[in-house]
Amino acid sequence: MAKRRSCLMSLIRTILVFVLIIVLLVVGVCVFVNYKFGVNIPSLVNDVRILNQAVDVDKIAPNVYTAEDLDAAKKVTDISLEGLITVDENGNYEVNADKVSKDMHLDVKLSDRQIAAMIDNVLESEASIDSDSSELGDLKEYGFKLVQVQFSNKDGNSVDINVVFKFDLTPIKEQMIEFPLDKVKSIVPESLYFSSTVTLTKIGAAFDYTTVGKSLTVNNLSEKQTEEVFETLNLLAEFGTSTEFAKMTGDVFVNALIGSSESAGLTSDLASVGASSFDFVTENGENYYVIQLDKE
């Protein structure tokens, strides 16, 4: 869990830097950057304008999950992983592999929407950390939320995974009360939606895989416009490319779902009760994630 929390914190820090550099570029250094690096300032200003436009969530996240998906996931997991998803007397759900007390006896097949609801619950619980344990304080303050997961292009051992994260910038804007930040906070969007697609390839047995960043968009920016923004950001800091950021964002989800060589994930946490591997399958045109039982 500590490693997954670290991944979350790293992503939050990167997003904060993203916002800071956008402000610096537009407010304080446009002329200098244009002179020294030849940045197309009108194009950058237009990109920032687009970032500030109201986001059509139905367009950026057409596969958004609902509370019903978490309830449906509970019904599915209760068959072979009873206790994985619990509900308290107030109707609050919790996804926790440590609460599974019996060994698996069947594979567990879950839709991308059910997986999204489960992993958002996992990430939300890990974001609830004491302010003393991080200079960022409680990550919930930043409204970090998994909005969508969508599996597509299943091909052999590979599958594309799109994840959409929402990042609430309201707490940041509320702190921009002194000059000169108070004069420029209007250019900071109310929220950022990062739509990241990675290609995951399963290698070998158990929980081994690789991920490669494929594409990234932010709010209403196109993929090309997002690439241009990241190219500009890299003039002031080593920010990485948009596809590198796509991988970073996607890995937060994948690590929470499966795990990695450095940290346990939800699936690898279930090894103690019989989970041996994972897979993606397509049935009737729909893609599913499968937690596989050790058949030996």
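For the structure itself, look to the data block above.
Report follows, based on the coordinates. These numbers come from a predicted model, not from an experiment.

### Topic: the sheet that holds strand β4 (residues 145-155)
- If you trace the 4 strands from one edge of the open sheet to the other, you get β4-β5-β6-β7, paired in antiparallel fashion. Of all the strands in the sheet, the pair left with one neighbour each is β4 and β7 (209-218). Across the sheet, the mean angle separating the axes of adjacent strands is 20° when strand polarity is ignored.
- As paired strands, strand β5 (residues 158-168) and strand β6 (residues 191-202) are joined by 11 bridges and run antiparallel to one another. Each residue of the ladder has a partner; that of I161, found in β6, is V198.
- Contacting β4, β5, β6 and β7, helix α10 (residues 242-257) runs over the sheet at an angle of about 120° to β7.

### As for the sheet that holds strand β3 (residues 108-111)
- Read from one edge of the open sheet, 3 strands run β3-β9-β8, paired in antiparallel fashion. At either margin of the open sheet sits one strand with a lone partner, and together these are β3 and β8 (275-283). Within the sheet, the average angular offset between the axes of one strand and its neighbour, ignoring direction, is 25°.

### Details of unusual backbone geometry
- At N153, a position not held by glycine, the phi torsion is positive, near 55°.
- Mapped onto the secondary structure, N153 falls in strand β4.
- Given a relative accessible area of 52%, N153 falls into the exposed group.
- In this model, N219 sits at a positive phi of 50°, which is unusual for a non-glycine residue.

### What to know about empty space enclosed by the protein
- With the rule as written, the count across this model stands at 2 cavities of 30 Å³ or more.
- A volume near 30 Å³ is recorded for the second largest cavity.
- Together, K154, G156, N157, S158, L200, K202, F278, D279 and F280 line the second largest cavity.
- Secondary structure elements with two or more residues in the lining of the second largest cavity: β6 and β8.
- Sorting elements by how many residues they give to the lining of the second largest cavity places β8 first, with 3 residues.
- In the lining of the second largest cavity, the residues fall into 3 nonpolar, 3 polar and 3 charged.

### Section: the environment of S276
- Turning to its location among the elements, S276 is positioned in strand β8.
- Residues S276 and A205, 71 residues apart in the sequence, show an inter-C-alpha distance of 8.3 Å.
- Ignoring anything within four residues of it in the chain, the contact list for S276 reads A206, F207, Q292, L293 and D294.

### Some points on the pattern of salt bridges
- This model, assessed by the stated rule, comprises 9 salt bridges.
- We note a salt bridge from E228 to K224, for which the minimum N-O separation is 3.7 Å. With a gap of 4 residues between them, E228 and K224 both fall in helix α9 (residues 223-233), about one helical turn apart.

What counts, and where the lines are drawn
- Residues numbered from 1 in each chain as written.
- Predicted model: local features only at pLDDT ≥ 70, side-chain atom pairs only at ≥ 80, totals over all residues.
- Heavy atoms only, no water.
- Pairing = 2+ DSSP bridges.
- Helix = DSSP H or I, 4+ residues; strand = E, 2+ residues; numbered from the N terminus.
- Axes fitted to C-alpha atoms, helices over the stretch in contact; angles between N-to-C directions.
- Contact = heavy atoms within 4.5 Å.
- Buried < 20%, exposed > 50% of the residue type's maximum accessible area, 1.4 Å probe, protein only.
- 1 Å grid on protein atoms, 1.4 Å probe; cavity = no way out; pocket = protein on both sides within 12 Å on 5 of 7 lines; lining within 4 Å.
- Points joined across faces, edges and corners; volume = space filled by probe spheres on them.
- Nonpolar A, V, L, I, M, F, W, Y, C, P; charged D, E, K, R; others polar.
- Salt bridge = Lys/Arg side-chain N within 4 Å of Asp/Glu carboxyl O.

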